[in-house]
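Coordinate analysis (summary)
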Amino acid sequence: MDANQILNELNNIFRDVLNNKKINLSAATTAKDINEWDSLSNIHLVLDIEQHFKIRFTTPEIQGWKNVGEMVSNIEKKTNR
Amino acid sequence: MILSVHHVGCLVPNIEEAIADYRILHPSGTVSEIFDIAAQQVKVCFFAIGAMNIEFVAPYGAETFLYKILQKTPGFYHIGVYTSDIKEEIARLEKEGYRLINQFRSSAFNDNYCAFLLNNERHMIELIEMR
């Protein structure tokens, strides 16, 4: 699975979890760009992403993402193992 | 180490209305002051029935995720427990699969540290440090 596919699937997950159909993620998107993306929704997103991609993140990984691009890169590494 | 259960958290749109509703259940239940937890964008108060507290939580940040949860499914959503060492308890729960949501000082608990965690089944726990 490549980065674009992952980004598209992430976009659907974000829209669903945050109940906001106007979300359009890019690699540069951060939590500051999406009002509903706070500490609580972040963990709900993590759980949905893990379930969707059948992967598991560590706490340092989750805390280390600076933007969606880093999240995508993390997913890409785990799904292509 | 978890010492005891302090409360169950209940999402409500309006604290005063929730108090009035629960007075029907228990007319002599005691009510705490209302605390504004700015870090969480919520107002909370405790309604005590005997040794049990219900924490009414009213989110006021319309853009917060908690506010969206309230709009979809108001009601009971977390359990608050006392711990003697919050750092140690967070580490223990993370090893058991819980995810740390946030950690903050809460005016509802004399500015002691509190932390919310969520497990894979989306059960939420609030740790309240009480040394």
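This text gives an overview of the structure that appears in the document. (Residues numbered from 1 in each chain as written. Chains lettered and ligands numbered in written order. Predicted model: local features only at pLDDT ≥ 70, side-chain atom pairs only at ≥ 80, totals over all residues.)

Brief notes about the overall build of chain B
A count of helices and strands for chain B gives three helices and nine strands. Its helices and strands taken in sequence order, chain B reads β-α-β-β-β-β-α-β-α-β-β-β from the N to the C terminus. Taken over the C-alpha trace, chain B has a radius of gyration of 14 Å; the compact-globule value for 131 residues is 14 Å, and the two agree within 12%. For chain B, the C-alpha atoms occupy an extent of roughly 40 × 35 × 25 Å along the three principal directions. Looking at chain B residue by residue over its 131 residues, the buried ones come to 28%. (Helix = DSSP H or I, 4+ residues; strand = E, 2+ residues; numbered from the N terminus. Rg over C-alpha atoms; globule rule 2.2 N^0.38 Å. Buried ≥ 20, exposed ≤ 12 C-beta atoms within 10 Å, placed from the backbone.)

Examining the pairing of strand S5 (residues 52-59) of chain B
Remark: a regular strand shows side chains that alternate across the two faces of the sheet. Residues and elements named next belong to chain B. With seven of its eight residues buried, S5 lies for the most part within the structure. Judged from the five bridges that link them, strand S1 (residues 2-11) and S5 form a sheet pairing that is parallel. Residue pairing in the sheet places Gly 9 in a bridge with Glu 55 of S5. Pairing analysis gives eight bridges linking strand S4 (residues 42-49) to S5, with the strands arranged antiparallel. Considered in S5, the bridge of Phe 47 is made with Ile 54. With antiparallel pairing between neighbouring strands as the criterion, S4 and S5 make up a hairpin whose turn holds two residues, including Gly 50 at a positive phi of roughly 60°. (Pairing = 2+ DSSP bridges.)

A word on the interface of chain A and chain B
If you look at the interface, chain A gives eleven residues, while chain B gives 13 residues. Looking at which element gives the most residues to the side of chain A that touches chain B, the answer is helix H2 (residues 39-53) of chain A, with six residues. Grouping the amino acids of the side of chain A that touches chain B by side-chain chemistry returns four nonpolar, five polar and two charged. (Contact = placed C-beta atoms within 7 Å. Nonpolar A, V, L, I, M, F, W, Y, C, P; charged D, E, K, R; others polar.)

Some points on the nonpolar core
Among the nonpolar cores identified, the biggest contains 43 residues, and Leu 10 and Phe 14 of chain A together with Phe 56 and Val 57 of chain B are the most heavily contacted of them. Looking at this core, the elements with two or more residues in it are helix H1 (3-17), H2 and helix H4 (68-79) of chain A together with S4, S5, helix H2 (65-72), strand S8 (112-118) and strand S9 (124-129) of chain B. In this structure Val 57 of chain B touches Gly 9, Cys 10, Leu 11, Val 12, Val 42 and Val 44 of chain B, once residues within four positions along its chain are discounted. (Core = buried A, V, L, I, M, F, W, Y, C linked by C-beta atoms within 7 Å.)

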